[in-house]
Amino acid sequence: MFGLSKGTVEIQLDKNDFKKGEIIKGKVVLQMKKTVTAKELTIRLIAKQKIRQGYGTNRSTRTMNVHDFKLNLDNEKEYPANQPLIYPFTIQIPTKFAREQMIPEQLGNTLGKVAKVAQMMTGSRSTTYWYLIANLTVPGMFNDVKKKIQINVVD
């Protein structure tokens, strides 16, 4: 933004479509325009669930994080200019979120079915969006170098 970028970061994956429980394999490629001292380089796997609820004309939408995993790729150091730095990573996609595990395992089979029927009757629907975010944390305001991509995860 405004030509003040310190560099670029890319997230490269073997593929973009995954199943729950599968391992994501990829690499983060960091290319700095000038040498910079940074606190850390991380990759995060985030799942955001968008929940739409409504009955009749009363409708609402809310979004909540249901999964957030952070993997440290490198520590505080000086990151050199004009030299691509490559960081391979693997992250496993969870099979369930804490919220999903409540139904039916913790509520019991009958209660779990009742909860699912109640969700259907009230028009409650949810969609989960998955993201990978690579971030080089640089001291100062608005100095981080980051990249966010969306991936597809199916049951």
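Residues numbered from 1 in each chain as written. Predicted model: local features only at pLDDT ≥ 70, side-chain atom pairs only at ≥ 80, totals over all residues. Heavy atoms only, no water.

Structurally, K50 is set in strand β5 (residues 40–55). Under the relative-accessibility criterion, K50 is labelled partly exposed at 32%. Between the alpha carbons of K50 and R125 there is a distance of 8.3 Å; along the sequence they are 75 residues apart. Setting aside anything within four residues of it in sequence, one finds K50 in contact with T61, R62, T63, R125, S126, T127 and Y129. (Helix = DSSP H or I, 4+ residues; strand = E, 2+ residues; numbered from the N terminus. Buried < 20%, exposed > 50% of the residue type's maximum accessible area, 1.4 Å probe, protein only. Contact = heavy atoms within 4.5 Å.)

Moving on: the nonpolar core. With 32 residues, the main nonpolar core has Y79, F89, L132, L136 and I151 as its most contacted residues. If you list the elements that add at least two residues to this core, you get β1 (7–13), β3 (23–32), β4 (36–38), β5, β6 (58–74), β8 (85–92), β9 (125–137) and β10 (145–154). In this view, F89 contacts I11, L13, I24, K25, G26, K27, V28, I43, L71, L73 and L132; residues no more than four positions away in its chain are not counted. (Core = buried A, V, L, I, M, F, W, Y, C linked by side-chain atoms within 4.5 Å.)

With respect to the element layout, K6 can be found in the segment before β1. Despite its burial, K6 pairs with no opposite charge; the closest candidate is D144, at 8.9 Å N-O. At a separation of 3.4 Å, a polar atom in the side chain of K6 contacts the side chain of N143. Every residue in contact with K6, bar those within four places of it in the chain, is listed here: M32, K33, K34, V36, V138, N143 and V145. (Lys, Arg positive; Asp, Glu negative; His and termini not counted. Salt bridge = Lys/Arg side-chain N within 4 Å of Asp/Glu carboxyl O. Polar contact = N/O pair within 3.5 Å; in protein donor to acceptor, adjacent residues only side chain to side chain.)

Our focus in this paragraph is the sheet that holds β8. Here three strands make up an open sheet; going across it, the order is β1-β3-β8 and the pairing antiparallel. Unpaired on one side and paired on the other, β1 and β8 mark the two borders of the sheet. On average, each strand axis in the sheet is inclined to that of its neighbour by 20°, with strand direction left out of account. In this sheet, β8 lies alongside β3 in antiparallel orientation, the contact comprising eight bridges. Residue pairing across strands places V28 opposite Y87, the latter belonging to β8. (Pairing = 2+ DSSP bridges. Axes fitted to C-alpha atoms, helices over the stretch in contact; angles between N-to-C directions.)

A few words now on the pairing of β1. Look at any regular strand and the pattern is simple: side chains alternate between the two faces of the sheet. Only one face of β1 is buried: it carries G7, V9, I11 and L13, and the other face, with T8, E10 and Q12, is open. Strand direction decides the pairing type here: β1 and β3, joined by seven bridges, are antiparallel. Looking across to β3, one finds that I11 is bridged to V28.

Any functional reading would require information beyond the geometric quantities listed.
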